[in-house]
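This is what each chain is made of:
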Amino acid sequence: MIQVANLKKSFGSLDVLKNVSFEVDKSEVIAVIGPSGSGKSTMLRSLVNLEQINGGSIRIQDQYLVKDGGYASQQQIKAITSGMGMVFQHFNLFPHLTVQGNLELAPRTVQKLTAGEVRRRSQELLGKVGLADKSDAYPARLSGGQKQRVAIARALMLNPAILLFDEPTSALDPELVGEVLRVMKQLAEEQMTMIVVTHEMGFAREVADRVLFMDNGEVVEAGTPEQIFDNPQQERTRTFLNRVV
Ligand code: ADP
Ligand code: MG
């Protein structure tokens, strides 16, 4: 589904991603862990063209977003990234729109669905994330956990083949983390292809098929949760895990 090869990204003189390479298969759940500033968000944002990379290749569902540093056309980029949904740490809901409005905005503008079809889909997805009764509420009236579940439902509206999560529970009060992780776990069980940047090591261990450990702009180590958590090969991985677990 995703092939990333020798991805390089710098901000000015700061090399944030240095030859990052990895692949994601269909229905795989990849957890990305690593210290703050290691380049996790930049990597994820590059996949949906929220950051432009300086070198390397990104291939999504057999189409090159970037090949050897050269980007596809705007039209191709749009087509490729429309197959991906992203969920952010701070939800990024539109405050002036209701929950339903947040879900329906993109599908109404980009897709040729009727209003009735869009409404059916938004109701179905709100039910799926346990918020069927909140469709007319504004985001300000929701808890953080509810907001993030709305954001997940919104990301699902366009039927993405891949979902990316950037620390989806890091802004939540501890007692609200579980309700969001449960929705994500359900998506994983339904074979959604997912990359999840997370500090929730329990979730990574239980739900991820593979774990990538990033440090200082590099993928230092990748493996199954058992390999990474129980038998890390790299000193940097061991040091990080000793600090967080
Ligand atoms: P992580 O998500 O692992 O915490 P980031 O990808 O957010 O790491 O950031 C990696 C590095 O890139 C950090 O040193 C950060 O300060 C820097 N960085 C991120 N975005 C920008 C930007 N827009 N301009 C300059 N530096 C940035
Ligand atoms: Mg980040």
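Residues numbered from 1 in each chain as written. Chains lettered and ligands numbered in written order. Predicted model: local features only at pLDDT ≥ 70, side-chain atom pairs only at ≥ 80, totals over all residues. Heavy atoms only, no water.

Visitor: Quick question: what am I supposed to make of the packing of helix α3 (residues 99-110) against helix α5 (residues 144-156) here?
Guide: Any two packed helices are characterised by the angle at which their axes cross and by the distance between the axes. Two elements in contact, α3 and α5, have axes separated by 8 Å at closest approach and are oriented at 25 degrees. With respect to α5, the element α3 is oriented roughly parallel. Considering how the two elements wind past one another, α3 and α5 form a crossing that is right-handed. In this structure, α3 uses V99, N102 and L103 to contact α5, whose residues at the interface are V150, A153 and R154. For the contact of α3 with α5, a count of residues per class yields 4 nonpolar, 1 polar and 1 charged. (Axes fitted to C-alpha atoms, helices over the stretch in contact; angles between N-to-C directions. Helix = DSSP H or I, 4+ residues; strand = E, 2+ residues; numbered from the N terminus. Parallel < 35°, antiparallel > 145°, perpendicular 65-115°, else oblique. Left-handed = near helix turned anticlockwise from the far one by under 90°. Contact = heavy atoms within 4.5 Å. Nonpolar A, V, L, I, M, F, W, Y, C, P; charged D, E, K, R; others polar.)

Visitor: Would you take a moment to explain the sheet that holds strand β9 (residues 193-197) for this structure?
Guide: Whenever strands of a sheet pair, they do so through backbone hydrogen bonds, lying parallel or antiparallel. In space, the 6 strands of this open sheet follow the order β7-β8-β9-β3-β10-β11, with mixed pairing throughout. Edge positions in the sheet fall to β7 (84-87) and β11 (218-223), since each has one partner strand and no second. On average, adjacent strands in this sheet sit at an angle of 15 degrees to one another, irrespective of strand direction. Bridge count for strand β3 (residues 29-33) against β9 is 4 bridges, and the pairing is parallel. Among the inter-strand pairings, V29 is bridged to a residue of β9, identified as M194. α5 rests against β7 and β8 (162-166) of the sheet, and its axis sits at about 170 degrees to β7. Helix α6 (residues 174-189) contacts β3, β8 and β9 of the sheet and is inclined by roughly 145 degrees relative to β9. (Pairing = 2+ DSSP bridges.)

Visitor: What's the story with the pattern of salt bridges in this structure? I'm lost.
Guide: Oppositely charged side chains can pair when the atoms bearing their charge come close. Counted by the stated rule, this structure contains 13 salt bridges. Note that R45 is salt-bridged to E51, the shortest N-O span being 3.1 Å. Exposure remark for E51: the relative accessible area of 15% places this residue in the buried category. In this structure, R149 and E179 form a salt bridge, with 2.9 Å as the shortest nitrogen-oxygen distance. Here E179 lies in helix α6 and R149 lies in helix α5, a separation of 30 residues in the sequence. Bridged by salt links that share partners, the residues E104, R108 and R119 form one connected network. (Salt bridge = Lys/Arg side-chain N within 4 Å of Asp/Glu carboxyl O. Buried < 20%, exposed > 50% of the residue type's maximum accessible area, 1.4 Å probe, protein only.)

Visitor: Looking at this structure, how should I read the site of ligand 1?
Guide: In the vicinity of ligand 1, the contacting residues are F11, L14, V16, P35, S36, G37, S38, G39, K40, S41 and T42. At a separation of 2.8 Å, an oxygen atom of ligand 1 approaches a polar side-chain atom of S41. In this structure, an oxygen atom belonging to ligand 1 sits 2.5 Å away from a side-chain N or O atom of T42. In isolation ligand 1 has 560 Å² of accessible area, and contact with the protein removes 59% of it. Looking at the shell around ligand 1 residue by residue, the classes come out as 4 nonpolar, 6 polar and 1 charged. (Near = heavy atom within 4 Å. Polar contact = N/O pair within 3.5 Å; in protein donor to acceptor, adjacent residues only side chain to side chain. Areas by Shrake-Rupley, 256 points an atom, 1.4 Å probe, with all protein chains shown as cover.)

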